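Fold and geometry: a report
Each chain, written out:
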Amino acid sequence: MAITVRRPNLSWKERIYLPAILSGMVITMRHLKNMIFGRTKVTMEYPEEKWDSHMPEHYRGAPALVRDVAGRIRCVACQLCEFICPPRAIKIIPGELPGDDKFAKVEKYPNEFDIDMIRCIYCGMCEEVCPEQAIFLRKDYAITGFTREDMVHDKEKLLEIGGVMHGVVLKWNEKK
Amino acid sequence: MNYFIILTSLMKILGVIFLIILPMVSYSVYAERRVSALIQDRLGPNRVGPAGLFQPVADAVKFLLKEDFTPAHVNTFYYWLAPCLAMVPAIATIAVVPFGSTLLGVPMVIADINVGVLYVFAIASLGVYGIVIAGWSSNSKYPFLGGVRSSSQMISYELSLGLAVIPIFLLVGQLRLTEIVRYQIEHGWMIAPFIGDWLNVQKWLLAIPMFVSFCVFTVAIFAETNRLPFDLPEAETELVGGYHTEYGSMKFALFFLGEYAAMITGSALIVTLFLGGWHLPIPSWNGGFHWTYITGDAEGWRGIAGGLFNIATFFGKVAMLLLVFIWVRWTLPRFRYDQLMRLGWVFFFEIALVNIFLAALMIAYFPA
């Protein structure tokens with residue numbers, strides 16, 4: 001059986017549209033006015049304004065290598081991050097430190113350390129697995145480049161992003 | 001042949017088209033985008049130049065550099081003809097509109113013909129051919145529906161458009177648009193003839209049919225220019241893009257420009273018929289308070305400044321009306337097709353008819 005939809009009984013005022021149209025125009029004009037006088041603030045104009053200061057502590061941005069307070073690369077080229085990396089974005093070529101080096105007791109260090117940022121999925125497993133706390137996910141998110149080569153972060157770039165890590169573990173400190 | 005008239009006419013044509021109408025068209029597109037954005041709490045285009053003011057230039061360059069694509073299934077000749085037909089009538093209409101008083105003794109109207117408004121209606125209704133031919137030649141269902149809708153909508157609203165201006169001609173007794181402006185300067189603007197003459201009952205009574213005329217005419221202009229809430233020919237949500245679905249690059253841009261040019265000519269008509277044309281009353285205390293106005297008749301630079309001021313006044317009024325067009329567009333939803341037809345044939349047609357009798361009665365029994 002067909003269902004009869006009850007139509008609302010419109011009053012005389014509603015039937016001539018005009019009051020509704022005018023009240024609608026008042027609403028849009030109010031929005032326009034509030035925008036012009038800057039009372040409404042919705043849009044964040046991206047390159048000029050950034051949300052960076054509001055980024056949470058746990059934000060996972062670009063992975064980066066860090067130096068310790070003595071200026072040494074913390075990485076010992078154990079290659080655990082290379083093995084754990086799900087998209088296989090990390091490539092490490094380990095090398096030995098020469099015997100007269102200040103940090104010769106560490107023995108190994110990365111000769112080359114490349115992270116392909118096209119492959120990286122920002123999962124943070126490298127950070128999690130690192131026994132030396134040498135690789136961290138920073139808050140950089142605008143990783144850009146014109147070629148595929150640009151998008152591979154080499155050791156210098158990673159150290160530049162990473163900067164110096166203060167405190168935390170100092171396993172190879174003389175006193176320990 | 002009078003070379004002076006030919007030369008000045010040519011200069012007026014080039015000046016109006018390239019210095020006023022086309023920049024106004026491109027900046028009304030910009031205004032449309034900015035105002036619509038602000039109404040919706042967005043920002044709109046603000047990247048190109050200060051506050052995005054060079055956006056129209058960027059748009060034009062983009063449209064010119066795009067590939068001019070013609071689909072394989074269209075009727076090529078009419079497909080190419082349609083954008084021109086959409087653009088030309090909109091611009092040709094402006095020829096009879098007086099957009100200023102005089103400049104260096106030259107009247108600021110391109111063609112002051114004695115059938116003024118008839119010419120406007122004759123040319124403006126050609127605008128629908130562009131849309132119908134575009135819909136037909138595209139050989140595709142959505143443009144076709146858009147074209148058909150456009151033609152029936154145009155017929156329904158052109159009636160009330162024509163009838164709405166009859167009270168003015170009853171009053172003025174002329175079709176020449178410059179005479180209508182002159183009448184308004186002497187007797188007060190059509191929309192509010194009582195201003196400055198507050199105690200004149202006859203003018204108050206006359207304002208009633210004039211206001212109705214104004215409303216009907218404005219709504220009919222909205223329908224005529226395919227603006228929301230009457231944009232059924234290009235209803236994006238129903239007909240993809242309507243009549244210009246199959247168009248791209250500069251041909252699409254011509255439709256776009258044609259729509260805005262039609263808006264400008266429509267606003268110019270409303271200004272001329274109801275809002276006093278280029279006339280702007282200025283209070284003066286020279287020997288007691290009275291209203292005066294600026295003309296371009298004075299000698300030297302004062303005359304030039306006055307003439308330019310009148311042109312600026314006219315296009316300022318047009319710009320205000322364009323803002324109203326945009327404001328209405330971003331407020332109201334689209335009418336359903338049967339509502340549109342009902343409104344056109346059952347309401348506006350009758351209102352305009354009754355209004356004519358009302359105006360005739362007023363003029364017969366309360367002569368000025």
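Residues numbered from 1 in each chain as written. Chains lettered and ligands numbered in written order. Predicted model: local features only at pLDDT ≥ 70, side-chain atom pairs only at ≥ 80, totals over all residues.

**Observations regarding the overall build of chain B**
Our working rule: A run of DSSP states H or I qualifies as a helix once it reaches four residues; a run of E qualifies as a strand once it reaches two. Both are numbered from the N-terminal end. Values of the radius of gyration come from C-alpha atoms, whereas the globule rule sets the reference at 2.2 Å times the count of residues to the power 0.38.
A count of helical and extended segments in chain B gives 13 helices and 4 strands. Expected size for 368 residues packed as a compact globule is a radius of gyration near 21 Å; at 21 Å, chain B falls within 12% of this value. Each principal axis of the C-alpha distribution contributes one length, and for chain B these read about 70 × 55 × 50 Å.

**Quick word on the overall build of chain A**
As a reminder of what qualifies: Burial in this document is a count-based property: other C-beta atoms within 10 Å of a residue's C-beta are tallied, and the residue is buried at 20 or more, exposed at 12 or fewer, or partly exposed in between, with C-beta positions derived from the backbone. Contacts are defined on C-beta atoms placed from the backbone: any two residues whose C-beta positions lie within 7 Å are in contact.
In terms of regular secondary structure, chain A is built from 5 helices and 5 strands. Moving toward the C terminus, one meets the helices and strands of chain A in the order α-α-β-α-β-β-α-β-β-α. Against the 2.2 N^0.38 benchmark of 16 Å for 176 residues, chain A shows a C-alpha radius of gyration of 29 Å, more extended than a compact globule. C-alpha atoms of chain A, sized along the principal axes, occupy 95 × 50 × 35 Å. Counting across all 176 residues of chain A, residues that qualify as buried make up 20%. When contacts within chain A are restricted to residue pairs at least 6 apart in sequence, those whose partners lie at least 24 apart make up 72%.

**What to know about the nonpolar core**
To keep things clear, this is the line we draw: The nonpolar core criterion groups buried Ala, Val, Leu, Ile, Met, Phe, Trp, Tyr and Cys residues into a set whenever they are joined through C-beta atoms within 7 Å.
Phe99, Ala220, Ala261 and Ile264 of chain B are the most contacted members of the largest nonpolar core, which has 102 residues in total. Setting aside residues no more than four positions away along its own chain, Ala261 of chain B makes contact with Ile21, Val25, Met87, Ala90 and Ile91 of chain B. By size, the runner-up hydrophobic cluster in this structure holds 25 residues, among which are Ile115, Cys120, Ala134 and Leu158 of chain A.

**Re helix α4 (residues 116–124) of chain B**
Helical periodicity: at 3.6 residues per turn, an α-helix aligns residues three or four positions apart in one direction. Residue and element names in this part refer to chain B. So the rule is basically this: Directions drawn from the helix axis to the C-beta atoms are what define this arc.
Regarding α4, the residues found buried are Gly116, Val117, Val120 and Ala124. Looking straight down α4, one finds that the buried residues subtend no more than 90 degrees of arc, so they occupy a single side. Those residues of α4 that are buried lie in contact with α3 (76–92), α5 (127–137), α8 (177–187), α9 (201–224) and α11 (249–274).

**Considerations on helix α2 (residues 18–36) of chain A**
Residue and element names in this part refer to chain A. The condition is simple: In this scheme, a helix's expected span is set at 1.5 Å multiplied by one less than its residue total.
When the terminal C-alpha atoms of α2 are compared, their 27 Å separation across 19 residues agrees well with the 27 Å that a helix rising 1.5 Å per residue should span. For α2, the complete set of buried residues consists of Thr28, Leu32 and Met35. Looking down the long axis of α2, one finds its buried residues gathered within 60 degrees of arc, a one-sided arrangement. Of the exposed residues in α2, those oriented more than 90 degrees away from the buried face are Pro19, Leu22, Ser23, Val26 and Ile27. Among the residues trailing α2, Gly38 stands out with phi positive, at a value near 70 degrees.

**Points about the sheet that holds strand β5 (residues 152–153) of chain A**
All names here are of chain A. Put simply, the rule is: Strands are treated as partners if at least two bridges between them are detected by DSSP.
The strand order β2-β3-β5 describes an open sheet built from 3 strands, whose pairing is antiparallel. Looking along the sheet, the strands with just one partner apiece sit at the ends: β2 (90–96) and β5. Where β2 lies against strand β3 (residues 108–116), 7 bridges are found, and the strand directions are antiparallel. Its bridge partner being in β3, Lys91 is matched across the sheet by Asp114.

**Focus: the interface of chain B and chain A**
This is how it is decided: Under the grouping applied here, Gly and all other residues not named as nonpolar or charged are polar, the nonpolar ones being Ala, Val, Leu, Ile, Met, Phe, Trp, Tyr, Cys and Pro and the charged ones Asp, Glu, Lys and Arg.
Each partner contributes residues to the interface: chain B has 10 residues there, and chain A has 12 residues. At 3 residues, the largest contribution of residues to the side of chain B that touches chain A is made by helix α1 (residues 3–39) of chain B. Its residues assigned to classes, the side of chain B that touches chain A shows 7 nonpolar, 1 polar and 2 charged.

**With respect to the environment of Val129 of chain A**
All names here are of chain A. Position of Val129 among the secondary structure elements: in helix α4 (residues 125–129). Measuring from C-alpha to C-alpha, the distance between Val129 and Glu156 comes to 22 Å, with 27 residues separating the pair along the chain. Every residue in contact with Val129, bar those within four places of it in the chain, is listed here: Leu80, Cys81 and Ile84.

**Quick look at the environment of Trp291 of chain B**
Of note, Trp291 of chain B is situated in strand β4 (residues 290–292). A sequence separation of 235 residues divides Trp291 of chain B from Pro56 of chain B, and the C-alpha atoms of the two residues are 40 Å apart.

Without other data, these values stay purely geometric and don't point to any function.
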